[in-house]
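# Close look at the chain arrangement
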Amino acid sequence: MDRRARSASATNSVDVLRSALKSQYHASLAMLRAAIKRCPDDLWIGSDSHANPIWRIVYHTLYYTHLYLQPNNWTFRPWAHHQQGIQRMNEPLKTGRPYTKTEMPAYWSICEAMIDDAVDALDLCDPQSGFSWYKVPKMELQIINVRHIQYHQAQLADRLRAATGAGVGSRGRAGARPRVLALGVSDHLCTAETAETVRPFTRPTEAHDGVNGSVRGIGQVFTQDLDDCVNCNYR
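Each value, and the rule that gives it
- Residue positions are counted from 1 within each chain, in the order its sequence is given.
- Only residues with pLDDT of 70 or above have their local features reported here, since the model is predicted, and side-chain atom pairs are shown and tallied only from 80 upward, although totals for entire chains, interfaces and linings are computed over all residues.
- With hydrogens and water excluded, all non-hydrogen atoms of the structure serve as input to the side-chain values.
- Axis definition: a line fitted to C-alpha atoms, limited for helices to the stretch in contact. Angles are taken between N-to-C directions and run from 0 to 180 degrees.
- To qualify as a helix, a DSSP run of H or I must reach at least 4 residues; to qualify as a strand, a run of E must reach at least 2; elements of each kind are numbered from the N terminus.
- Throughout, the term roughly parallel applies to angles under 35 degrees, roughly antiparallel to angles over 145, roughly perpendicular to angles from 65 to 115, and oblique to all others.
- Each crossing is labelled by how the near helix is turned from the far one, with a counterclockwise turn of less than a right angle marking it left-handed and a clockwise turn marking it right-handed.
- Should any heavy atoms of two residues lie within 4.5 Å, those residues are considered in contact.
- As a working rule, the residues Ala, Val, Leu, Ile, Met, Phe, Trp, Tyr, Cys and Pro are called nonpolar, Asp, Glu, Lys and Arg charged, and the rest polar, with Gly in that last group.
- Confidence per residue, as judged by the predictor, is encoded in pLDDT with a range of 0 to 100.
- Here, nonpolar core refers to any group of buried Ala, Val, Leu, Ile, Met, Phe, Trp, Tyr and Cys residues whose side-chain atoms link them within 4.5 Å.
- The classification of residues rests on relative accessible area computed with a 1.4 Å probe and restricted to protein chains. Under 20% of the type maximum is buried, over 50% is exposed, and intermediate values are partly exposed.
- For Phe, Tyr and Trp, rings pair up if their centres lie within 6.5 Å, where Trp contributes its six-membered ring, and each pair is then called stacked (planes under 30 degrees apart), edge-to-face (over 60) or tilted (otherwise).

### Re the packing of helix α3 (residues 54-68) against helix α4 (residues 103-121)
Remark: α3 packs on α4, axes separated minimally by 10 Å, with the N-to-C direction vectors making an angle of 25°. By the angle between their directions, the pair α3 and α4 is classed as roughly parallel. Crossing of α3 over α4 shows left-handed handedness. Between α3, through Val 58, Tyr 59, Leu 62, Tyr 63 and His 66, and α4, the contact on the second element is made entirely by Met 104, Tyr 107, Trp 108, Cys 111 and Met 114. The residue inventory of the contact of α3 with α4, partitioned by class, reads nine nonpolar, one polar and no charged.

Here is the structure:
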């Protein structure tokens with residue numbers, strides 16, 4: 001294969017990756033939007049025995065989706081209604097007002113609308129993430145970012161199922177018709193036949209190693225660490 005052919009092949013491979021990333025971002029955010037829509041008002045604000053209420057988990061998820069869709073931290077501009085530090089769920093919520101079920105869909109729409117252009121603007125072959133605290137290539141950071149959305153969507157779906165008995169639809173790709181699983185958990189995370197270990201997000205330098213918690217399979221519950229998300233130090 002000559003140089004021109006190799007270059008064309010590499011370009012085609014990157015284009016395929018971009019298309020897959022866009023599809024998975026859109027599908028993952030669609031599942032998160034469904035969880036927001038189905039969440040009862042009292043469950044939205046109340047945390048009961050959980051470390052973080054649903055509104056904070058939703059904001060945490062959207063904030064980092066927004067952040068890591070940027071080429072680097074220098075180009076990132078937080079949402080207009082951002083409250084300093086409220087995105088860090090490993091820290092106790094001391095101040096700040098809860099975001100409403102009207103505000104979060106608005107922020108969701110901003111994140112959803114930026115996906116295609118943002119992914120197109122990324123150098124997916126860059127060996128650096130663009131964020132000094134993440135020692136992974138750019139492409140791997142994007143995979144981590146999609147997994148992070150799915151991780152918290154599954155967490156929210158579990159809470160909704162426990163509180164209301166209703167699941168949240170699973171989407172395998174953008175535009176796919178949603179399927180309702182027993183816990184509303186994406187089949188990317190676990191299946192009815194097997195109990196797959198899902199590694200939660202820990203320190204950023206270990207982010208590519210995943211999260212320390214487990215999902216024990218459809219119809220069962222999350223471990224306490226994953227459910228409370230006290231270990232999600234994604235930043």
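### Details of the confidence of the model for the protein chain
Of the residues in the protein chain, 64% have a pLDDT of 70 or more, and the chain-wide mean is 74. The secondary structure element of the protein chain with the lowest average pLDDT is helix α6 (residues 224-228), at 43, and the one with the highest is α4, at 97. For residues 179-231, every residue scores under 50 in pLDDT, and the model assigns this stretch 133 contacts once sequence neighbours within four places are set aside.

### Re the nonpolar core
The tendency in soluble globular proteins is for nonpolar side chains to be buried side by side. Counting 47 residues, the largest nonpolar core has Leu 62 and Met 104 as its most contacted members. Among the elements that line this core, the one with the most residues is α3, at 10 residues. In this structure Met 104 touches Trp 44, Val 58, Tyr 59, Leu 62, Trp 79 and Tyr 99, once residues within four positions along its chain are discounted.

### Details of the packing of aromatic side chains
All told, the structure shown has 13 aromatic pairs when counted by the stated rule. Here Tyr 59 and Tyr 99 contribute two aromatic rings whose centre-to-centre distance is 4.6 Å and whose plane-to-plane angle is 40°, an arrangement assigned as tilted. Here Tyr 59, found in helix α3, pairs with Tyr 99, found in the loop between α3 and α4; they are 40 residues apart in sequence, far enough to count as distant. In this structure, Tyr 59 and Tyr 99 share a single accessibility class: buried. With 5.4 Å between their ring centres and 85° between their planes, Tyr 63 and Phe 76 make a pair best called edge-to-face. In this pair, Tyr 63 sits in helix α3 while Phe 76 sits in the loop between α3 and α4, placing the two residues 13 residues apart along the sequence. The same class applies to Tyr 63 and to Phe 76, which are both buried.

### Some thoughts on the environment of Ile 149
Mapping Ile 149 onto the fold places it in helix α5 (residues 138-164). Between the C-alpha atom of Ile 149 and that of Thr 61, which follows or precedes it by 88 residues, the distance is 6.0 Å. In contact with Ile 149, not counting residues within four places along its chain, are Tyr 25, Ser 28, Leu 29, Thr 61 and Thr 65.

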